[in-house]
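Next come the chains, spelled out residue by residue.
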Amino acid sequence: MTDKIKKLFKQNIILLLVVTLIFFLVFFAIKHAEKNNNHPNKITYDYYEDTTGGLALTDIQMIFSETTVSQNTTGFFMFGNSKSTYWIRIPLKELSPAEREARLFIYNPTVAKAVLYLPVQNGDMTSYEARPSGWFFIGEQQDDHFVYPAFSWDSNTNFNQDAYLELFSPFTQNYTLDLLPQQEADQTKQALLSLYGVLFGIFFAVAIHNLFIFLELREAANLYYFFYVLIMAVYQGCLLGIYNVFAPDYAAFFMSNTLLFSLLNMLMAILFFRSFFRTKWLFPTYEKWAKGLLTAVFIGAVFVLIAPSTLVNLYAHSLSLIGGLSILFMAIGAFRKNYSQARFFIVGWLFIIVGVGISFCRNAGWISNNVVSLNIIFLAMALNSLFLSTALVQRVKLLMAEKEVALKNYYEAAELAKSRELAFLQAQIKPHFLYNTLNIIASLCRIDPLKARELLLDLGEYLHHSFDFYPDQQLVPLETELNGVRAFVRIEQARFPNKLRVCYELAEINHLMIPPLILQPLVENAIIHGIRKKGTCGTVMIRTTQENDAIVFAVVDDGIGMTTEQITEALSHEWHKGKGVGLSNIHKRLTALYGQGLTIKSIPEEKTEISFRIGKRESTQ
């Protein structure tokens, strides 16, 4: 063994010993119950194995009368995973008066064919009547309609003759015959059906609870667990013969697909484990392990189609045992890596492993069918579902706590983003712009104090508009935006006399609203990067027009224009060194608000037009 395997074995040896100890305690408890089983009349059953499965009653009667057959005095018939049909002769004359009033119970819910051939007295003649049971005979059953075959003796039964019982199951040839008085039989029925009602109620409550959690949180783990519990309930219904009582019309369908439901149950368990522990990201080694188990499940699905049911049954039980142990050990590894919810997996899968182990032994014929061995896997899975549901609840609590932290971080980040965006937009007010503007104002104070005053007010308006970012407003009146534009234009015209003309063509639209700091950066971009670089006098036009249900805003300049590559670059970079706010920033803001951003049309050395559209409903109040 490699050092890694040795280390893994040493880490889990104690748990392995605990699981083994619990398993053998349950195993020997069942064997002890078998050994001390008390049959008052010690009925001796004769039985015969029909390997062909084609013998008729007359053939069997001849075999029993002419050859030496096997005998059984315990009522436990443990033939394991055999493909044969078994015939049991019941000596009716050995029955006591009380037993002749009793019911014959055959403990095997998965039996496909259970036919009681009963000697019935008709006048002076005795003939055998067939009483079929099992899911092969849906609609034709002549038994007491219980989860497993149960027969009552006919009032005309000839107790001086022998009865014959024909049995076959494609899953396990493990039968326990028991004669129960009427009252005890009714109590047994009521107790088992009550138990099944409680356990199935737990399954469906857990399933629906996790479905609602999934619909609320969209957590894949809850969806996988919903299907895991649902398929588990369907699978257990097959193993316990529930459909024979509550859905007899569909019993054949469910029973014939029992092994497929077993594989689906294992598939959902693995998918749930992977999703819960996020093995793909947190436990890559376990991810490989889980993928290996998934491959084994798909191989089993192929076996269902091509292999005998006895072989597939053995494969499915073995895979359940190996898969359960694998999930248990992976959960231990996750717990050791501080994944606290893994402790619920550990406890829950301990029950599963013990239950699957006992079920494996029962199917193999090593222990008998009885109330404990038949229902232990059902009880184990119900407990498992409760523990795993608790793990999911803990996970939801953790997710809610993480959500609160995330929301707190989000709001803090949003505030930080607002402050940074404000700083980013204010960064367009470059020092040399302020320096030159203040120099112009200072020089005008002597020559034209009135003009200096107007220019100082324009600078104040411009700074006020640039610094007042309206952090809680997505839209501002168009006039507010235009005030900032006009202030900037007047300052630029004062800085560069006779170099700039600005025209306004504004449609008359009442209460027009636009995002803040959208037009002003576009006008600045047109003046600084279009007109000024041209070196001659230029014109900028600010235009609004109505087109159907939209308002189109456009800033047009006759500057140096842009190439296609420059347009692409301008819309893909948020910040251009030395160029203030990038067009990409505006483009992204408009796209986020209206689903479409800037449209740039340009002819190099002639003109550039930058426009955007806003729906009327979105631009008016």
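Counting from 1, residues in each chain are numbered in the order their sequence is written. Under the rules for a predicted model, residues below a pLDDT of 70 receive no local features and side-chain atom pairs below 80 are neither given nor counted, while totals for whole chains, interfaces and linings still include all residues. To get the side-chain values, all heavy atoms of the structure are used, and hydrogens and water are removed first.

Asks: Which residues make up the sheet that holds strand β6 (residues 113-122), and what are the values?
Replies: Paired strands, as defined in this entry, are two strands with at least two bridges between them according to DSSP. Numbering goes from the N terminus for both helices and strands, where a helix is a DSSP run of H or I of at least four residues and a strand is a run of E of at least two. Pairing in this open sheet of 6 strands is antiparallel, and the strands run β2-β1-β4-β9-β6-β7 from one edge to the other. Both edges of this open sheet fall to β2 (70-72) and β7 (125-133), since each of them pairs with a single strand only. Going from strand to strand, the sheet's axes swing by 25° on average, the running direction of each strand aside. Alignment of β6 against strand β9 (residues 162-168), held across 5 bridges, turns out to be antiparallel. Each residue of the ladder has a partner; that of leucine 116, found in β9, is leucine 165. Strand contacts of helix α2 (residues 57-66): β1 (45-50), β4 (85-91), β6, β7 and β9, with the helix running at about 120° to β1, the strand carrying the most contacts. Inter-axis angles, ranging from 0 to 180 degrees, are taken between N-to-C directions of lines fitted to C-alpha atoms, where helices are fitted over the stretch in contact. Contacts between residues were defined by any pair of non-hydrogen atoms, one from each residue, lying within 4.5 Å.

Asks: Got a sec to walk through the packing of aromatic side chains? Specific residues and values, please.
Replies: Only the six-membered ring of Trp is used, alongside the rings of Phe and Tyr, when aromatic pairs are assigned; centres must lie within 6.5 Å, and planes under 30 degrees apart are stacked while those over 60 apart are edge-to-face, with the rest tilted. Per the counting criterion, the structure on display carries 46 aromatic pairs. With 4.2 Å between their ring centres and 10° between their planes, tyrosine 243 and phenylalanine 254 make a pair best called stacked. With tyrosine 243 in helix α6 (residues 242-246) and phenylalanine 254 in helix α7 (residues 251-256), this residue pair connects regions lying 11 residues apart in the sequence. The pair tyrosine 243 / phenylalanine 254 is uniform in exposure class, with both members buried. A connected cluster of aromatic rings, assembled from ring pairs, spans Tyr225, Tyr228, Phe272, Phe273, Phe276, Phe277, Phe283, Tyr286, Tyr339, Phe345 and Trp349. Over the ring of phenylalanine 214 we find arginine 218; its NZ or CZ atom is 5.5 Å from the centre of that ring. Here, a charge over a ring is recorded when the distance from Lys NZ or Arg CZ to the ring centre is within 6 Å and its angle to the ring normal is within 35 degrees. Geometry around tyrosine 504 places arginine 486 over its ring, the cationic atom sitting 5.3 Å from the centre. Buried residues are those whose accessible area, probed at 1.4 Å on protein chains only, stays under 20% of the maximum for their type, while exposed residues exceed 50% and partly exposed ones sit between those limits.

Asks: Tell me what's going on with the confidence of the model for the protein, and back it up with residues and numbers.
Replies: This prediction gives the protein a mean pLDDT of 82; 86% of its residues lie at or above 70. Confidence of the prediction at every residue is given by pLDDT, a number between 0 and 100. Of all the helices and strands in the protein, helix α1 (residues 3-35) carries the lowest mean pLDDT, 61, while β9 carries the highest, 95. Within the model, the stretch residues 574-580 combines pLDDT values under 50 with 16 contacts to residues more than four positions away or in other chains.

Asks: Could you give an account of helix α11 (residues 309-336), with specific residues and numbers?
Replies: Look at α11: 40 Å from first C-alpha to last across 28 residues, which is about the 40 Å you get at 1.5 Å a residue. In the segment just after α11, asparagine 338 is the residue with positive phi, at about 70°. Each helix should span, by expectation, one fewer than its residue count multiplied by 1.5 Å.

Asks: Which residues make up the pairing of strand β14 (residues 538-547), and what are the values?
Replies: Of the pairings in the sheet, the one linking strand β12 (residues 500-506) to β14 comprises 7 bridges and is parallel in character. Its bridge partner being in β14, leucine 500 is matched across the sheet by glycine 538. Two strands pair when backbone bridges link them, and β14 and strand β15 (residues 550-557) are joined in this way by 8 bridges, in the antiparallel orientation. Within β15, the position partnered with arginine 543 by the bridge is alanine 554. Here β14 hands over to β15 after 2 residues, with asparagine 548 in that stretch at a positive phi of 55°.

Asks: Quick rundown of the pattern of salt bridges? Include the residues and the values.
Replies: We count a salt bridge whenever a side-chain nitrogen from Lys or Arg sits within 4 Å of a carboxyl oxygen from Asp or Glu. With the rule as written, the count across this model stands at 14 salt bridges. Glutamate 609 is the partner of arginine 543 in a salt bridge, and the nearest nitrogen-oxygen pair spans 3.4 Å. In this pair, arginine 543 is assigned in strand β14 and glutamate 609 in strand β17 (residues 607-615), connecting sequence segments 66 residues apart. With a relative accessible area of 22%, arginine 543 lands in the partly exposed category. In the salt-bridge network here, residues are joined through shared partners; they are Asp46, Arg89, Lys93 and Asp162.

Asks: Explain the packing of helix α4 (residues 182-217) against helix α5 (residues 220-239) residue by residue, including any values.
Replies: It is the contact of α4 with α5, at a shortest axis distance of 8 Å, that shows an interaxial angle of 160°. Relative to α5, the element α4 is oriented roughly antiparallel. Crossing hand, α4 versus α5: left-handed. Where α4 approaches α5, its residues Phe200, Phe203, Phe204, Val206, Ala207, Ile208, Asn210, Leu211, Ile213 and Phe214 are matched on the opposing element by Asn222, Leu223, Tyr225, Phe226, Val229, Leu230, Met232, Ala233, Gln236 and Gly237. Of the residues in the contact of α4 with α5, the class split is 16 nonpolar, 4 polar and no charged. Note on terminology: angles under 35 degrees are roughly parallel, angles over 145 are roughly antiparallel, angles of 65 to 115 are roughly perpendicular, and the others are oblique. For any pair of crossing helices, the crossing counts as left-handed if the nearer helix is rotated counterclockwise from the farther one by less than a right angle, and right-handed if it is rotated clockwise. Three classes are used: nonpolar for Ala, Val, Leu, Ile, Met, Phe, Trp, Tyr, Cys and Pro, charged for Asp, Glu, Lys and Arg, and polar for all others, with Gly counted as polar.

Asks: Go over the side chain of asparagine 265 with me, naming the residues and quoting the values.
Replies: Along the chain, asparagine 265 falls in helix α8 (residues 258-277). What makes asparagine 265 buried here is its relative accessible area of 6%. Among all residues touching asparagine 265, those that are not within four sequence positions of it are Tyr228, Ile231, Met232, Tyr235 and Met381.

Asks: Before we move on, could you go through the packing of helix α10 (residues 284-306) against α11 and cite the residues and values that matter?
Replies: For any two helices packed against each other, the geometry comes down to the angle between their axes and how far apart the axes lie. Axis separation between α10 and α11 bottoms out at 11 Å; the angle between their running directions is 170°. Between α10 and α11, the angle is such that the two are roughly antiparallel. In this structure, α10 meets α11 at a crossing whose hand is left-handed. Mapping the contact onto sequence places Tyr286, Trp289, Leu293, Ala296, Val297, Ile299, Gly300, Phe303 and Val304 in α10 and Val312, Tyr315, Leu319, Gly323, Ser326, Phe329, Met330, Gly333 and Ala334 in α11.

Asks: How would you explain unusual backbone geometry if you had to name every residue and give the values?
Replies: The backbone phi angle of asparagine 498 is positive, close to 60°, even though this residue is not glycine. Inspection of the secondary structure assignment puts asparagine 498 in the loop between α16 (478-495) and β12. A positive phi is found at asparagine 548, a non-glycine position, where the angle reads about 55°. Relative to the elements of secondary structure, asparagine 548 occurs in the loop between β14 and β15.

Asks: Now, about the sheet that holds strand β16 (residues 599-603): what can you tell me, with residues and values included?
Replies: Reading across the sheet, the 5 strands line up as β12-β14-β15-β17-β16 and stay open at both edges, with mixed pairing between neighbours. Strands at the two margins of the open sheet, each flanked by one partner only, are β12 and β16. Averaged over neighbouring strand pairs, the angle between their axes works out to 15° when direction is ignored. Helix-sheet contacts for helix α17 (residues 519-534) involve β12, β14, β15 and β17, and the interaxial angle to β15 is about 25°.

Asks: Which residues make up empty space enclosed by the protein, and what values go with them?
Replies: Computed over the protein atoms alone on a 1 Å grid, cavities are sets of points where a 1.4 Å probe fits but cannot get out and pockets are open sets with protein on both sides within 12 Å along at least five of seven lines; a residue lines them when it has an atom within 4 Å of a point. Grid points are joined across faces, edges and corners, and a volume is the space filled by probe spheres set on the points. Counting across every chain of the model gives 4 cavities of 30 Å³ or more. Of the pockets and cavities examined, the largest cavity occupies roughly 200 Å³. In this structure, the largest cavity is lined by 17 residues; those nearest its centre are Asn265, Met266, Ser320, Val356 and Met381. Considering only residue class, the lining of the largest cavity consists of 11 nonpolar, 6 polar and no charged. One number sums up the size of the second largest cavity: a volume of about 70 Å³. Lining the second largest cavity are 13 residues, with Phe171, Leu239, Asn313, His317 and Asn363 sitting closest to its centre. Taken together, the elements giving at least two residues each to the lining of the second largest cavity come down to α5, α8, α11 and α12 (342-364). Partitioning the lining of the second largest cavity into residue classes produces 5 nonpolar, 7 polar and 1 charged.

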